[in-house]
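Coordinates in review
The primary structure of each chain is shown beneath.
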Amino acid sequence: MSIPEHMKAVLLTGHGGFEKLSYRDDISVPNPGDDEVLIKVAAAGVNNTDINTRVGWYSKSVTGETNQGSKHGFSEANDEDGGWSGTALEFPRIQGADICGYIVKTGSNISKDRIGERVLVRNMLRSYVDYRPFECWTIGSECDGGFAQYTKAPARETWAVNCNWTDAELGSVPCAYSTAEGMLERASVGAETVLITGASGGVGSAAVQLAKVRGAHVIAVASSSKMTAVKELGADVVIDRSKNLVAELGQQSVDVVADLVVGTQWNQLLDILKRGGRYVTAGAIAGPMVELDVRTLYLKDLSLFGCTFQEDSIFQNVIECIEENRIKPFVSQTYPLSEIVAAQEDFINKKYPGKLVLIPPN
């Protein structure tokens, strides 16, 4: 196929509000390096990390929940630590951690036989940091991502996927499902009782399904309007997020908490953990600041896990679950790439359960 010189893409021009998102049609199509592939993007999901990065929420100067600055940014954000890794981002940047597309060109070290493959790109890239432990780049943060017609990625971290899912459905996978699988793996989840907060969102709904794959009894927490949708994903019990979890479940009632919300309910989550229980988190959309009674931690022999880095097996596990039909997609809405602001507004307002996906023009 003919590859154009220029493409349509959304540029993030700095930390701030929606005005920092610029839809352009004059962006140069990237040229893959020797060990990279060029991908024609077919779909790219919307994730919390896109919004967190845009508004500078990762800056240690910010202490509020994501939505407080999701539309206009955080005035207190410090550009020097506004990225998830604690370092400054380079602007302009093409965001988009979820990439489903088709390989259209290969670098000099990569077989041309890969051209035409439908692929997903691992969102937590290790190639660029020489596979050092607990280091990675997020595609769409430390390098350009999927909010464009074309993007490039390391060939060894670009996975062919054979399934009957649509492009939009596959485009909902990389960030949410790998984050969820990473949490469950870090906490060694098995056939036990697991409580998942934020269960109607992208990562939460993925965690529900992936926990069931592991044989867990899943208690999900979601808003009342989305409880039915979460139940249909396989959750054994769904609790309204406005309820007191200790009152609903009792003290020491669950083995693992997979938390994506944090906020004011945080101490309840430690209270419902059994002795020797595990708490694992990969997000804090309701606010990152908590007060911990350390006696609860040590007297109950709890383990607390924070999850960002992912071992190589995590993304492979997700791909296998797709190809073996062990999980199902949960896409509620798609938008043209040019309507990224509308998509992020709907995401911020939690208008739909599951995933929202952007579709670049052909």
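Below, the structure is looked at part by part.

Procedures and definitions
Residues numbered from 1 in each chain as written. Predicted model: local features only at pLDDT ≥ 70, side-chain atom pairs only at ≥ 80, totals over all residues. Heavy atoms only, no water. Helix = DSSP H or I, 4+ residues; strand = E, 2+ residues; numbered from the N terminus. Rg over C-alpha atoms; globule rule 2.2 N^0.38 Å. Buried < 20%, exposed > 50% of the residue type's maximum accessible area, 1.4 Å probe, protein only. Contact = heavy atoms within 4.5 Å. Lys, Arg positive; Asp, Glu negative; His and termini not counted. Charge placed at Lys NZ, Arg CZ, Asp CG, Glu CD. Pairing = 2+ DSSP bridges. Axes fitted to C-alpha atoms, helices over the stretch in contact; angles between N-to-C directions. Parallel < 35°, antiparallel > 145°, perpendicular 65-115°, else oblique. Nonpolar A, V, L, I, M, F, W, Y, C, P; charged D, E, K, R; others polar. Right-handed = clockwise from strand over helix to strand, strands pointing away. Phe/Tyr/Trp six-rings, centres within 6.5 Å; stacked < 30°, edge-to-face > 60°.

**Let's talk about the overall build of the protein chain**
Helix and strand counts for the protein chain stand at 10 helices and 17 strands. Against the globule reference of 21 Å for 362 residues, the protein chain gives a C-alpha radius of gyration of 20 Å, in line with a compact fold. Structurally, the protein chain occupies a C-alpha span of about 60 × 45 × 40 Å along its principal axes. Within the protein chain, the proportion of its 362 residues that are buried is 55%. Partitioning the intrachain contacts of the protein chain with sequence separation of at least 6 by distance along the chain shows that 68% fall at a separation of at least 24. Positive and negative side-chain charges of the protein chain, numbering 34 and 45 respectively, have mean locations separated by a distance of 3 Å.

**A short note on helix H10 (residues 340-348)**
Turning to H10, its buried residues are Ile-340, Ala-343, Gln-344, Asp-346, Phe-347 and Ile-348. Here the buried face of H10 lies against strand S1 (6-12), strand S2 (21-28), helix H1 (48-55), strand S16 (331-336) and strand S17 (355-359). The positive-phi residue at the C-terminal boundary of H10 is Lys-350, with phi of around 55 degrees.

**A closer look at the environment of Ala-168**
Looking at where Ala-168 falls in the secondary structure, it is placed in helix H2 (residues 167-170). Taking the relative accessible area as the measure of exposure, Ala-168 reaches 14% and is therefore buried. Considered as a pair, Ala-168 and Gln-310 are 142 residues apart in the sequence and their alpha carbons are 24 Å apart. Beyond its immediate sequence surroundings of up to four residues, Ala-168 is in contact with Ala-43, Val-331, Thr-334, Val-357 and Ile-359.

**What to know about the environment of Leu-299**
One can find Leu-299 in helix H8 (residues 294-299). For Leu-299, a relative accessible area of 51% gives the class exposed. Residues Leu-299 and Arg-275 lie 24 residues apart in sequence; the distance between their C-alpha atoms is 8.3 Å.

**A closer look at the pairing of strand S5 (residues 118-121)**
Burial of the side chains of S5 extends over both faces: Arg-118 and Leu-120 are buried on one face and Val-119 and Val-121 on the other. Pairing between strand S4 (residues 100-106) and S5: three bridges, direction antiparallel. Bridge pairing links Tyr-102 to Arg-118 in S5. When S5 meets strand S9 (residues 158-160), the two strands line up antiparallel, connected through three bridges. Within S9, the position partnered with Val-119 by the bridge is Ala-160.

**Quick look at the packing of H1 against H10**
Between H1 and H10, the shortest axis-to-axis distance is 11 Å and the interhelical angle comes to 105 degrees. Taken together, H1 and H10 sit at an angle that is classed as roughly perpendicular. In this structure, H1 contributes Asn-48, Asp-50, Ile-51 and Arg-54 to the contact, and H10 contributes Gln-344, Phe-347 and Ile-348. Taken together, the residues of the contact of H1 with H10 break down into three nonpolar, two polar and two charged.

**Focus: the pairing of strand S14 (residues 273-281)**
Looking at chain direction, strand S13 (residues 254-259) and S14 are connected through five bridges and run parallel. Within S14, the residue paired with Val-256 across the bridge is Arg-278. Between the parallel elements S13 and S14, the chain passes through helix H7 (residues 266-272) in a crossover that is right-handed. Sheet topology places S14 next to strand S15 (residues 303-306); four bridges connect them, and they run parallel. Its bridge partner being in S15, Arg-278 is matched across the sheet by Ser-303. Note that the unit made of S14, H8 and S15 has a crossover that is right-handed.

**Describing the packing of aromatic side chains**
Within this structure, the stated rule accounts for five aromatic pairs. With centroids separated by 5.1 Å and ring planes inclined at 45 degrees, the aromatic side chains of Phe-134 and Phe-309 adopt a geometry described as tilted. Placement of the pair is Phe-134 in the loop between strand S6 (124-125) and strand S7 (137-138) and Phe-309 in the loop between S15 and helix H9 (312-323), with a sequence separation of 175 residues.

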